[in-house]
Every structure is written in C-alpha cells, then in structure tokens.
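# Descriptive analysis of the structure
Listed here are the chains, written in short residue letters.
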Amino acid sequence: SMVTIFCFAFYEGIAVGVLALSARAHGAGEGQRARRILRIGIALSVGVALAILTVGLTGLDLLCESLLGWSQSIESAGGAPLDPGAARVRQLEFEELRKYLKPCFLGALALCLSPVISHAFLAKRDSRTPFLLEILAVAINTGLNAWLVP
C-alpha cells in the first residue's frame, strides 16, 4: 500500500546515509567508526519506526476517515441522514480499511532494519549476504502468505 511505501521511504533514507558514511569509514580503515555509524543508523531507524507505529496506531481512525473521504457520522453532505444500508456500507469500508492498515503500522519495526542492515553489508563490499537475506525473507513471506492469507 502507499502507506507502507511512504513509511519505507524513511527507512531507505536512513539506510542510504548509513551506506555512504559507513563505506567512507571502511575505505579509510576506520572499522570502529563504521560500527558506530551502523549502531546510530539502527537506533535512528528503530526510533523512526516507533514514531511511525505510534502515530499510525494513534491516528488510525482519522487516517481511515481521510482516506475514505468521509466523516464517520452517518449524515450525507446535505444534512439528511443516510439510509441504513448506505450507512452500513460506509461502516464496513471503514472497518476493512482499519483491519488492513493496522498490520502495516505494526510491521514498522520489522521493516525498519532490513535496509539498514543490507546497506551496512554493501558498505563492506559484501553483496552476497544481503542477497541471501533477501531470498530468505521472500521465502518466509511466501510461506506466511500461504499459511495466513485465506
């Protein structure tokens, strides 16, 4: 969803910074500095993920209302009450969107570390390990989808 892509952009921005600074430190032979940069990048990424998680879950109802383009009230723009069928459809749309977005925000902590860790390996000129980790992640995702999604 666009919400997940928007959140992932923050993590990727942090990861690119970790890559650039860590690669420069590795190139200069400053392994201790590179490790410190990675620790700061992970902490920053987790901090951003916690902020996104908190704001997302706190404002979930407001976000759903905004995305659906209507207030949760059951009145139409003219002030006349909606018929019960239309009100029920609106309520179902709201509930389904809420059920969809909640896991997106709950997954923020899982998503935040992947780009930072991958870019840390790339900074050390190791592209094989992130590749293998991505294959593992796709396999786990495929298995969980087959198991959890009806």
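Above this text is the structure in question.
Computed from a prediction, not measured in an experiment: that's the story for all the values here. (Residues numbered from 1 in each chain as written. Predicted model: local features only at pLDDT ≥ 70, side-chain atom pairs only at ≥ 80, totals over all residues. Heavy atoms only, no water.)

Size it by volume and the largest pocket reaches roughly 400 Å³. Lining the largest pocket are 16 residues, with Leu136, Ala137, Val138, Ile140 and Asn141 positioned closest to its centre. Mapped onto the lining of the largest pocket, the elements with two or more residues apiece are helix H5 (108-123) and helix H6 (128-148). Counting residues per element, the lining of the largest pocket draws most heavily on H6, at ten residues. The space that makes up the second largest pocket amounts to roughly 180 Å³. (1 Å grid on protein atoms, 1.4 Å probe; cavity = no way out; pocket = protein on both sides within 12 Å on 5 of 7 lines; lining within 4 Å. Points joined across faces, edges and corners; volume = space filled by probe spheres on them. Helix = DSSP H or I, 4+ residues; strand = E, 2+ residues; numbered from the N terminus.)

This paragraph deals with the environment of Ala49. Take Ala49: it is sitting in helix H2 (residues 31-58). By relative accessible area, Ala49 is classed as buried at 0%. Placed 13 residues apart in sequence, Ala49 and Leu62 show a C-alpha to C-alpha distance of 20 Å. Those residues in contact with Ala49 that sit more than four places away from it in its chain are Tyr11, Ala108, Leu109 and Cys112. (Buried < 20%, exposed > 50% of the residue type's maximum accessible area, 1.4 Å probe, protein only. Contact = heavy atoms within 4.5 Å.)

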